[in-house]
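For reference, the chains in residue letters:
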Amino acid sequence: MTEQDHVTVNDPRGPVNNGEGHQYVFYGAGSDWMIRKGVEPLRIVREDRVRLSLRFARPAGFRIAADRLEKPGSVVLLDAPPGSGRRAAAIMLLHELGEDGGADEEGARFEELPASEKDEPRLAPTAGDRFLLDLSGIADEEAYAKAQQLLAVRRSQVTEAGAHLVVVLPSGMAHAHAPDLEPHTVTLGRPRGIAVVTRHLRMDRMVFHSADLRNADLQRLCDRSPMAELARLAGLVRAARDSGRFGADFAGWLDQAMHAVTDRAGEVGRQVAEIRTTPERALLLATAMFEETHADTVYEAWHGLMRTVRHEEETTTELARKDFGERLAALGIERGTDGRLRFERLAYADAVRAYFWANFPGVRDDLRDWIDRAAGLHGLTTDDRVNVVVRYGERSLAIGQPAHLFELVVRWADIATGTSCDPRAVAGLELGLTHEEFGGWFRRRIYACARSGPLSDGLARVLTTTCLRSLGTTHPDQAVVRLHYLAVRKGEAAREAREALLDFVGRDRRLYRLLIDRLRDRTRQEPHGSETHLLLLTELLWSDRAPDPPPWPDLFLGWQTVFSQPPTEPWNPLVRSWLNAVMGDSTRDLALDVIVGATRGRAAALHRLYAIACGWAGVSPQPSRAAVAALLWQRIDHAQYARTGSTEHAGTGPLTTEEAR
């Protein structure tokens, strides 16, 4: 079992990573979106859950938790030590609920809930929905007390709806557990480490025998290491095989991976202690950050780093100094036949980066400014740039400095030109969003930016892209909230956010309903700034924006809001879109009843609808247009008669759900 999961790349034509380390693959025009491998995402979409299930080793207590969770409306709280794969266990418990027949229940949600609900959409579960709530990052009693108050509300909602909720509890906080949590709590043990390694190796198509894993050092690792570290070990075995530089047998690959996991930190420490000059240390770090890029680019990055840390240039000419190749060889760095640099030892670059960030805290600001410039060097490909950003981001997050990564995202986004997103900014922000510990921090920062004052078009585009592609996958409700704030701004980037938002919710009936409700609330709550929300609501209600089949009750509520206040100009395209829809599909003629009913019998509104239909029918003398217009006029006449000639005001009240069907 492992808490480290990877995004699946389904396109067999994508690039192949033939060396150790991470792979970052871009697809699409302008590299506006990427599928990234090698990071620890929160993403729990089906294909990633399936991949995790193939590598998952069940811990003690898992069956007990699964039995309790099976009943509709059930809530299970998991108590397990850090590093035991508790998050992966929570995901698998929920995943296996929907595996009858190999498919998720139709229409059921599988989402992670935020730890707080500040301006986030209210949870509205339905039968069969599955939710994960990860509280493992909470470290103080006050925060845990607030989380338990919200958990009590969510438990009630989940139970009443017949949904399912799994909560990962924080460790070391048992004394602060509310007594009513105890009956729902299941304690998980630690899975067999060797089983975790074996599953990962087999899924990587490694050929080995059980006897190959009977190694005392490996057994000690499996008994003590966190699950993520064991997954990394298996990944390094694969990297050693794929590189072609470490022999041709499993025993050799495993030996290299074991050394990488157990010895690299000490080796780097000894090497740094031996090289005391700034140029040598700077070259070591520059190569670690830019490994697998061309030597000339590393050379340029190296000199940029020395300028950033204010190292004075040597007074002698370069021809009089130690040459570049000699410096590389002395540091254990190889220059391949393709001109790219790599360390001789497996995963050595990872260890170098970790060492410098941990042991030179005084230069972290300088390193941020260096990466800001160096990630834009002309010799780098787009994939090279993203690799550098993610390597920097991983280190910043590892030492608890998410603000450093976010600051670079803003810098790169702000200087972007044209209408495309800067891939460095997108990569950095997505890394933050998918980080297990700091994902919530980045979601809050995006929320604050989307609600704040002026944004550059570049940053607005980056926020839109990551909300749509990354946050929209893991936390769709939160994505709607942030995209809404971006969409009601001014400018071209806001228009793009509006298109992205409307397209996003149009593919999901629940999100479509969520946005209708949100926009209706805003038009009532913000009387002086409601027009922007009202115009967005009007566009959302167009026939080509609505899900298929149309959600008539939701459309009725939206139209009722639009027809209740000025301006009336946007009514024209809205009503015309539905008249066109009815003309093309007679089964949608219920739209005419819903539109007229939403006016609540107001004479001015009915007259406006009549005029729109007249104009629409007169555009082209088609019999079908005239017929649809006549149907609308009949309903308008009926509504007017009901308003003036009967105590039964037909059309003046909202349709019931049953009537709308």
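First things first, this report covers the structure right here in the doc. Quick caveat, the model's predicted, so the values are computed rather than measured.

**Comments concerning the pattern of salt bridges**
Per the stated rule, a full pass over the model turns up 41 salt bridges. Here R87 ties to D134 by a salt bridge, and the two come within 3.0 Å at their closest N and O atoms. One end of the pair, R87, is in helix α3 (residues 86-97); the other, D134, is in strand β5 (residues 130-134), and 47 residues separate them in sequence. Taken individually, R87 and D134 each receive the classification buried, so the pair is uniform in this respect.

**Some details on unusual backbone geometry**
Looking along the chain, the bond that leaves D548 and enters P549 is cis, with omega of 0°. Along the polypeptide, P549 turns up in the loop between α23 (530-540) and α24 (552-563). Cis rather than trans, the peptide bond between P566 and P567 has omega equal to 5°. For P567, the position within the fold is in the loop between α24 and α25 (571-584). Phi is positive for R310, close to 60°, though the residue is something other than glycine. You can see R310 is positioned in the loop between α11 (295-308) and α12 (324-330).

**Some points on the environment of L169**
The residue L169 is located in the loop between β6 (164-168) and β7 (185-187) in this model. Measuring from C-alpha to C-alpha, the distance between L169 and L77 comes to 6.6 Å, with 92 residues separating the pair along the chain. Leave out the neighbours within four places in its chain, and L169 touches L77, L78, D79, R86, L135, S136, Y144, H177 and T185.

**Quick word on helix α13 (residues 348-359)**
With 12 residues, α13 should cover 16 Å at 1.5 Å per step; its first-to-last C-alpha distance of 16 Å lies within 8% of that length. What α13 keeps buried is the set Y348, A349, A351, V352, R353, F356 and W357. Among the structural elements, α9 (264-274), α10 (278-290), β9 (341-343), α14 (364-374) and α15 (382-398) are those in contact with the buried residues of α13.

**Describing the pairing of strand β3 (residues 75-79)**
With respect to burial, β3 is a largely interior element, 4 of its 5 residues being buried. As paired strands, β3 and β6 are joined by 4 bridges and run parallel to one another. Bridging across to β6, L77 finds its partner in V167. In this sheet, β7 lies alongside β3 in parallel orientation, the contact comprising 3 bridges. Residue pairing across strands places D79 opposite T187, the latter belonging to β7.

**Details of the nonpolar core**
One finds W370, W559, F563 and W578 to be the most contacted residues of the largest nonpolar core, which totals 123 residues. Counting residues per element, this core draws most heavily on α10, at 8 residues. Once residues within four sequence positions are removed from consideration, W578 is found in contact with L541, W542, S543, A546, P550, W552, L555, W559, R588, A591 and I595. Counting 30 residues, the second largest nonpolar core, distinct from the first, contains A57, A234, F246 and A347.

**Let's talk about the pairing of β6**
Where burial is concerned, most of β6 is hidden: 5 out of the 5 residues are buried. A two-sided burial pattern is seen for β6, the buried positions comprising H164, V166 and V168 on one face and L165 and V167 on the other. Of the strand pairs in this sheet, β5 and β6 are connected by 5 bridges, and their pairing is parallel. When the bridges of β6 are listed, L132 appears paired with V166.

Calculation criteria
- Residues numbered from 1 in each chain as written.
- Predicted model: local features only at pLDDT ≥ 70, side-chain atom pairs only at ≥ 80, totals over all residues.
- Heavy atoms only, no water.
- Salt bridge = Lys/Arg side-chain N within 4 Å of Asp/Glu carboxyl O.
- Helix = DSSP H or I, 4+ residues; strand = E, 2+ residues; numbered from the N terminus.
- Buried < 20%, exposed > 50% of the residue type's maximum accessible area, 1.4 Å probe, protein only.
- Contact = heavy atoms within 4.5 Å.
- Expected span 1.5 Å × (residues − 1).
- Pairing = 2+ DSSP bridges.
- Core = buried A, V, L, I, M, F, W, Y, C linked by side-chain atoms within 4.5 Å.

Functional significance is not addressed by these values, which are geometric in nature.
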